[in-house]
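Listed here are the chains, written in short residue letters.
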Amino acid sequence: MERLKRAVIRIAGTPDSRISDLPLLHRSFLLPFLSFASSLYRLALSLRRRLYLSGLIRRHRLPVPVISVGNVTWGGTGKTPMVEYIARFLDDSGVSSLILTRGYAGGDEAKMLQRHLLQTSARIGIGANRTATAASVFDKYGYTDPRGILKADGISPESKFVFRHQNEKVGVVLLDDGMQHWSLLRDVEIVMLNSLTPWGNTYLIPRGPLREPLSALGRADIAVLHNADMVSAMQLKVIESTVRNICATLPIFFSRLVPSHLFVVTNPRLRLPLSLLKDVAVLCVSSIGSPDAFSQAVREIGPLHVDRLAFIDHHFIQSNDIQLIREKVRELATQYNYETVIVVTEKDYDRDPNIFKEMDDLKVWVLCSSMQMMPFEAQKEEDFRRKMKELLVRCRNTA
């Protein structure tokens, strides 16, 4: 199954002009099957959308503004870090948010959000039925119209402490991975694009990485090019041009993940400085949508050597994988004669914290990062925040 998934991922990243580079078996059997499956997926996608838009399948409206953060491709676009960024922005503005997430793949994203947002007013609701999850949180804490606070352009640091203790009501809902979640109406649609591989071979899944046709970008209120620091300005302009051809007026911003600290798998509360990586060799182990971005971020910290072991997205590390990791560490230590440490992503750690404890004789560290909006040409972080407030203030009367 792992080999099949890797083959599908390889095909999804191969443009039509390079099909001849694929193995014969992939071209002769797998490619035609995936193309047929993509046609069925397109048909089902179109039918599902028509049923929602016609009202034959009910769409639910929540009593507070809803911000959806999603994408048009699979994995690696920075959706969850953006959700965290917006939750912090709202908290700084004096508005409590409710993050709705499915808890997919062991709930790794939800666990990471809970750890990162512990000192904020944000709440996290986990469940496939996000409408029901929101309703249960509203029953417990209540909800309120956030527009008055947002119009006031935030609150003072002194007032923020008082606000948190006097007002537990939810003001905004954040829908993590919500672009294809049609059953819940939203007021602000943010689409995340991975600058490293914005749309792969441009085919729908499973033939390609697209969850929807690129025309879906026309529904967005804001587009964010993530990993913008890892490609050239020219590449960013090409991506921007493609987006503009679909929606000429769509505001486009740029983001990156910035490493902040490390922690050991046995103690998430122990913050270690990034400088510990400078005098060692590092094996990056990950099961995420964009392993290139992870290893490049580690490389920029400045280790003596960086290698990687990348599993497919959402893969659960197993005992046989641990053996493979051990062999790779021994190989690096012998080859370079440096102390070798293992660095994993927070998502991989949260997917199964205990599995990494099986390597307690090795150094296994977790890299923590946060979203940062990048200035590029005329767009700055202040512009992104201003646009967010503008869109929320313009929302229909809700609470």
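Read on for a plain summary of the structure. (Residues numbered from 1 in each chain as written. Predicted model: local features only at pLDDT ≥ 70, side-chain atom pairs only at ≥ 80, totals over all residues. Heavy atoms only, no water.)

### Topic: the pairing of strand β4 (residues 172-176)
Along a regular strand, successive side chains alternate from one face of the sheet to the other.
Point 1. Across the five residues that make up β4, a large majority, five, are buried.
Point 2. Going residue by residue along β4, you find V172, L174 and D176 tucked away on one face and V173 and L175 tucked away on the opposite face as well.
Point 3. In the sheet, strand β1 (residues 66-71) pairs with β4 via four bridges, with the strands oriented parallel. Considered in β4, the bridge of I67 is made with L174.
Point 4. Relative to β4, strand β2 (residues 97-101) is paired through four bridges, and the arrangement is parallel. (Buried < 20%, exposed > 50% of the residue type's maximum accessible area, 1.4 Å probe, protein only. Helix = DSSP H or I, 4+ residues; strand = E, 2+ residues; numbered from the N terminus. Pairing = 2+ DSSP bridges.)

### Focus on the side chain of T133
Point 1. One can find T133 in helix α5 (residues 130-141).
Point 2. For T133, the side chain forms a polar contact with the main-chain oxygen of N129, separated by 2.9 Å.
Point 3. If sequence neighbours within four positions are ignored, T133 has contacts with L100, G125, I126 and G127. (Polar contact = N/O pair within 3.5 Å; in protein donor to acceptor, adjacent residues only side chain to side chain. Contact = heavy atoms within 4.5 Å.)

### Here we look at unusual backbone geometry
Point 1. Of the consecutive residues I205 and P206, the connecting peptide bond is found in the cis state with omega at 5 degrees.
Point 2. In this fold, P206 is placed in the loop between β5 (188-194) and β6 (222-226).
Point 3. Notably, D177 is not glycine yet its phi reads approximately 60 degrees, a positive angle.
Point 4. Relative to the assigned elements, D177 resides in the loop between β4 and β5.
Point 5. Among the residues examined, D177 registers a relative accessible area of 10% and is labelled buried.
Point 6. For N227, which is not a glycine, the phi torsion comes out positive at approximately 60 degrees.
Point 7. In this structure, N227 sits in the loop between β6 and α8 (233-246).
Point 8. Judged by relative accessible area, which is 4%, N227 ranks as buried.

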